[in-house]
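Residues per chain, in single letters:
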Amino acid sequence: MLVVNPVKGPCACIATNNNHTQNFSTTACRRRGMSRGKIGMKMDGAWLSVWCLVLVALTGCQAIMFGLQPGSVKCLKEEIHKDVLVTGDYKIGNAVGQVVDLKVTDGKGHILFSKDEADGGKFAFTTEDYDVFEICFISRVQQGHRGIVQEVTLDTKHGVEAKSYEALGEAAKLKPLEIELKRLEDLSESIVKDFVYMRQREEEMRDTNESTNSRVLYFSLFSLCCLVGLATWQVLYLRKFFKAKKLIE
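Owing to the predicted nature of the structure, the values given are computational and were not obtained by experimental measurement.

Draft legend 1. Quick peek at the pattern of salt bridges. Inspection of every chain in the model, using the stated rule, returns 7 salt bridges. With a closest N to O distance of 3.7 Å, glutamate 203 and arginine 199 form a salt bridge. Taken as a pair, glutamate 203 and arginine 199 lie in helix 4 (residues 176-244) at a separation of 4 residues, close to a single helical turn. A relative accessible area of 31% means that glutamate 203 is categorised as partly exposed. The class of arginine 199 is exposed, set by a relative accessible area of 59%. Each of Lys163, Lys182 and Asp186 takes part in one network of salt bridges that share partners.

The structure is reproduced here in structure tokens:
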């Protein structure tokens, strides 16, 4: 998930670099002509856009920020595997006469975390099965108040990212290198689990494709048999009809 910031970040980088590109292209226009300068400016702008996209990919964050309308409900869903630790850090902007309730549920409707009149805090839970989990922010406006849009920030982590290896190292008295090895071990296990899950899904999809192909084949053979039977019946019926009318012997 990505925080949208119209002031800072890659967008500001693009605007600043575009100014530099325009100045460089102006100099090139004086030396090589207006047409080549325009082409150079477009190419430089494209390369700058590519570099900024790479920068966003390398520095991506897990937080999301959105505006919650008064008296509305905003829910976020995510699919998570079995036996995965999920943590969340949220912050809700203050508004007079307006409160926000937080509720975390699974696909079966079981409430994993709930807090009324929440303004900020953390939550954590461990998944019992592969399911779709939902985080809902419910806005309530008191009588006599019009209500305003509240800014909500949510930062969720799951798996290796959610574990606190510093606290684990202090409890087990591990060295920094041992803590890093433990983190890499857990990361490797999570990657292996992801590959196993992808392999299972691939096998399920292959079985589904084979089953669909066999059903289509059987349906095609059945349709062909029906057409052959119908054609044979039409020939026999017409032959009998023509014989009855004594048109053929």
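Draft legend 2. Quick look at the nonpolar core. Membership of the largest hydrophobic core comes to 21 residues, with the highest contact counts inside it found for Tyr90, Ile92, Leu102, Phe123, Ile135, Phe137 and Leu154. Those elements giving two or more residues to this core turn out to be strand 1 (63-68), strand 2 (73-80), strand 3 (85-92), strand 4 (98-105), strand 6 (120-126), strand 7 (131-141) and strand 8 (150-158).

Draft legend 3. Representation of the sheet that holds strand 4 in the model. Taken in spatial order, the 4 strands make up an open sheet running 2-7-4-5, and their pairing is antiparallel. Each of the sheet's edge strands pairs with one partner strand only, and the pair in question is strand 2 and strand 5 (111-115). Looking at each pair of strands side by side, their axes are set apart by 15° on average, direction ignored. Relative to strand 5, strand 4 runs antiparallel, the two being bridged by 4 bridges.

Draft legend 4. Spotlight on the packing of aromatic side chains. As enumerated under the stated definition, the model contains 7 aromatic pairs in all. Among the aromatic side chains, those forming a connected cluster through ring pairs are Tyr90, Phe113 and Phe123. Over the ring of phenylalanine 66 we find lysine 74; its NZ or CZ atom is 5.9 Å from the centre of that ring.

Draft legend 5. Up close: a nonpolar patch on the surface. Residues Leu230, Trp233, Tyr237, Leu238, Phe241, Phe242, Leu247 and Ile248 make up a contiguous nonpolar surface patch of roughly 810 Å² in combined accessible area. With respect to the secondary-structure elements, leucine 230 resides in helix 4.

Draft legend 6. Spotlight on the sheet that holds strand 3. Taken in spatial order, the 4 strands line up as 1-8-3-6 in an open sheet, and their pairing is antiparallel. Across the chains shown, the open sheet's two edge strands, defined by having one partner strand only, are strand 1 and strand 6. If you compare each strand with its neighbour and ignore which way they point, the axes differ by 20° on average. With 7 bridges connecting them, strand 3 and strand 8 associate as antiparallel partners. Bridge pairing links aspartate 89 to aspartate 155 in strand 8.

Draft legend 7. Empty space enclosed by the protein, seen in detail. One pass over the full model with this rule turns up 1 cavity of 30 Å³ or more. Glu78, Ile80, Phe133, Ile135 and Thr156 are the residues nearest the centre of the largest cavity, which is lined by 12 residues in total. At the level of elements, strand 2, strand 7 and strand 8 are the ones that each hand at least two residues to the lining of the largest cavity. Per element, the largest residue contribution to the lining of the largest cavity is 4 residues, and it comes from strand 2.

Draft legend 8. Spatial organisation of the layout of surface pockets. Approximately 680 Å³ is the volume attributed to the largest pocket. Lining the largest pocket we find 24 residues, and of these His81, Val84, Gly159, Ser190 and Asp194 sit closest to its centre. Put simply, the parts of the chain that give the lining of the largest pocket at least two residues each are strand 2, strand 8 and helix 4. If you tally residues by element for the lining of the largest pocket, the top one is helix 4, at 7 residues. Split into classes, the residues belonging to the lining of the largest pocket amount to 8 nonpolar, 6 polar and 10 charged.

Draft legend 9. Summary view of the state of the cysteines. Going through the model one piece at a time under the given rule, you end up with 1 disulfide. Cysteine 75 shares a disulfide with cysteine 136; S-S distance 2.1 Å. Torsion about the S-S bond of the cysteine 75 and cysteine 136 cystine: about 110°, corresponding to right-handed handedness. You can see cysteine 75 sitting in strand 2 and its partner cysteine 136 sitting in strand 7, a full 61 residues away along the chain. With no disulfide of its own, cysteine 226 lies 7.0 Å from the sulfur of cysteine 225, the closest cysteine sulfur.

Parameters at a glance
- Residues numbered from 1 in each chain as written.
- Predicted model: local features only at pLDDT ≥ 70, side-chain atom pairs only at ≥ 80, totals over all residues.
- Heavy atoms only, no water.
- Salt bridge = Lys/Arg side-chain N within 4 Å of Asp/Glu carboxyl O.
- Helix = DSSP H or I, 4+ residues; strand = E, 2+ residues; numbered from the N terminus.
- Buried < 20%, exposed > 50% of the residue type's maximum accessible area, 1.4 Å probe, protein only.
- Core = buried A, V, L, I, M, F, W, Y, C linked by side-chain atoms within 4.5 Å.
- Pairing = 2+ DSSP bridges.
- Axes fitted to C-alpha atoms, helices over the stretch in contact; angles between N-to-C directions.
- Phe/Tyr/Trp six-rings, centres within 6.5 Å; stacked < 30°, edge-to-face > 60°.
- Lys NZ or Arg CZ within 6 Å of the ring centre and 35° of its normal.
- Patch = residues over 30% accessible without salt bridge, like charges linked within 9 Å, V, L, I, M, F, W, Y side chains within 5 Å.
- Areas by Shrake-Rupley, 256 points an atom, 1.4 Å probe, with all protein chains shown as cover.
- 1 Å grid on protein atoms, 1.4 Å probe; cavity = no way out; pocket = protein on both sides within 12 Å on 5 of 7 lines; lining within 4 Å.
- Points joined across faces, edges and corners; volume = space filled by probe spheres on them.
- Nonpolar A, V, L, I, M, F, W, Y, C, P; charged D, E, K, R; others polar.
- Disulfide = S-S within 2.5 Å.

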